[in-house]
Amino acid sequence: GGGNLAYRCPFHGGGLEAKPSFFVHGDTGMAFCHACSRGWSFPMLLRQLGAPSRIVTAASAILRETQKTKLGSKGYTGLDNVKLLQEDITNVTLSCPVDLLDDGFAEQTLLENEVGYDIYNECALYHLRDHLGRLIGLSGRWADGYYVYGKAQLNNFIAQDLIAGYSRPNKSDFLWNMHRVYPVLWQAPAPVVVVEGFKACMWVQQCGVPNVVALMGAYFSEQQGLLLERVASEIILFLDLDGAGAKGTNRAINLMKKRCLVRTVGYPRGSIALGDKLQPDSLTAEEVQEAVHTAPPHYRRYSHERSRLSY
C-alpha cells in the first residue's frame, strides 16, 4: 500500500518469516527491515541480492528524489544535474589497499565502504554515492590530499564506454556514506556524526559509532545541511582539530542550530599540546566513544518575539 512493497526479509530467518517485515518504497527504493533494523538504498539492496551490474545501473537511473522536506525548508537540488557512473566500474576498482590495513582498518570495514584502489596513481580509491545509493563519482588520495576525479583521470584506468557522459560531481552537494545512513534514519530520525574525510568516517564506524557521514572536506554546505535535517534528530560535529576544522564547525553550527540539536565533540585533554593536527582516526576506540557520547550541545536561540505566546 502507498507505493510500498512488503515481503519476507531475505537477510534474516532464512527468508521464512511468517509475517513480512521487509519494505521497499516504490519511488525512492529505500528498503528497511523492521525486524533486523537494517536499511538499504535500492542499488545497495540489489548488490546485496547479487543482481548483475547492468540491472543496478538501470535501477539507479529511474530512482526519483523523495520530497521529504520540512515545512519552510529549501528544496534539495543536489540530484538535478548529476551524471551517473555505471556499476560495472566497481569490477575494475574494488581492491583492498594494503596500506589501510596497516593503518588498522579491518578488511570488512573497507569492503563495506567500497574502498578500492587506483592502479594508475597507486592510491586508495573511494566510491562516491548520493543518498539514493547511485554511483556518481570516484575520489583518490593523492600526495597533496583527496581529489574528486574528472573524466580525464578516469580515462587512465577505466574503459571509455563506462564513463560516457560523466562529469565531475560537486562534492558539497553530497555526504559520503549517506546512502547507508539515510535508509535507516528515513524510518526513524536519530543522531548523525559528521566528520571531514573518508578515513575518519570509517574509523568512527569501526569504533562502534553508528550513523557517520563525511563532508569530504571541512566546508559544511547548505545542501549537506538540507540532507541532514531530513533524517537527523541531532548532529554531532567531529571535525579535525585544526584551523579549517574549527571554521567548518562554526559554519555548521550557524547553519544547523535552528534546524536540530547540534553537538560538538571535544578532543581528549592534552591533545592541543601535542602540536600536530588531530582527527578522529588519531584516537583510540575508547577515546572516540567517549568523545561522541560526551559531546556538549549548542542550544537553539529563539528571538524575543518567539519567547511569548498570544492567547
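The structure this text deals with has already been given above.
On a predicted model such as this, the values are computed, not experimentally measured, just so you know.

Draft legend 1. Region of the structure containing the sheet that holds strand 3 (residues 31-33). Reading across from one edge, 1-2-3-4 is the order of the four strands in this open sheet, with antiparallel pairing throughout. Looking at which strands have only one partner, the edges of the open sheet turn out to be strand 1 (4-7) and strand 4 (38-40). Taken pair by pair, the neighbouring strands of this sheet meet at an average axis angle of 15°, ignoring direction. Here strand 3 pairs with strand 4 via three bridges, running antiparallel. Each residue of the ladder has a partner; that of cysteine 33, found in strand 4, is arginine 38.

Draft legend 2. Broad picture of the nonpolar core. With 63 residues, the main nonpolar core has Leu228 and Phe238 as its most contacted residues. With six residues, the single largest contributor to this core is helix 8 (residues 198-206). Setting aside its immediate chain neighbours within four residues, phenylalanine 238 contacts Val193, Val194, Val195, Val204, Val265, Tyr267, Pro280, Leu283, Val288, Ala291 and Val292. With 13 residues, the next largest nonpolar core counts Cys123, Leu125, Phe157 and Ile158 among its residues.

Draft legend 3. Inspection of the sheet that holds strand 6 (residues 123-129) at higher detail. One open sheet accounts for four strands, arranged 5-6-7-8; its pairing is antiparallel. Either end of the sheet is taken by a strand with one partner, and the two such strands are strand 5 (115-118) and strand 8 (145-148). Between one strand and the next, the sheet's axes are offset by a mean angle of 35°, whatever the strand orientation. Each of strand 5, strand 6, strand 7 (135-142) and strand 8 is contacted by helix 8, which is oriented at about 80° to strand 6, the strand it contacts most.

Draft legend 4. Representation of the pattern of salt bridges. Overall, the coordinates contain 10 salt bridges when judged by the stated rule. A salt bridge links glutamate 114 to arginine 129, with the shortest nitrogen-to-oxygen separation between them at 2.7 Å. Note that glutamate 114 is positioned in the loop between helix 5 (107-112) and strand 5 and arginine 129 in strand 6, a separation of 15 residues in sequence. Across the pair glutamate 222 and arginine 259 runs a salt bridge, and its minimum N-O distance is 2.6 Å. Taken as a pair, glutamate 222 in helix 9 (residues 222-231) and arginine 259 in the loop between helix 10 (243-256) and strand 12 (261-264) lie far apart in primary sequence, 37 residues in all. One connected set of salt bridges, linked through shared partners, spans Arg47, Glu87, Glu114 and Arg129.

Draft legend 5. Geometry of the pairing of strand 9 (residues 190-195). Where burial is concerned, most of strand 9 is hidden: five out of the six residues are buried. In this sheet, strand 11 (residues 232-237) lies alongside strand 9 in parallel orientation, the contact comprising four bridges. Residue pairing across strands places valine 193 opposite isoleucine 236, the latter belonging to strand 11. A crossover links strand 9 with its parallel partner strand 10 (residues 212-214), the connecting element being helix 8, and its sense is right-handed.

Draft legend 6. Representation of helix 8 within the structure. With respect to burial, helix 8 is a largely interior element, seven of its nine residues being buried. Taken together, the buried positions of helix 8 are Phe198, Ala200, Cys201, Met202, Trp203, Val204 and Gln205. Downstream of helix 8 by a residue or two, glycine 208 has a phi angle that is positive, lying close to 95°.

Each value, and the rule that gives it
Residues numbered from 1 in each chain as written. Predicted model: local features only at pLDDT ≥ 70, side-chain atom pairs only at ≥ 80, totals over all residues. Heavy atoms only, no water. Pairing = 2+ DSSP bridges. Helix = DSSP H or I, 4+ residues; strand = E, 2+ residues; numbered from the N terminus. Axes fitted to C-alpha atoms, helices over the stretch in contact; angles between N-to-C directions. Core = buried A, V, L, I, M, F, W, Y, C linked by side-chain atoms within 4.5 Å. Buried < 20%, exposed > 50% of the residue type's maximum accessible area, 1.4 Å probe, protein only. Contact = heavy atoms within 4.5 Å. Salt bridge = Lys/Arg side-chain N within 4 Å of Asp/Glu carboxyl O. Right-handed = clockwise from strand over helix to strand, strands pointing away.

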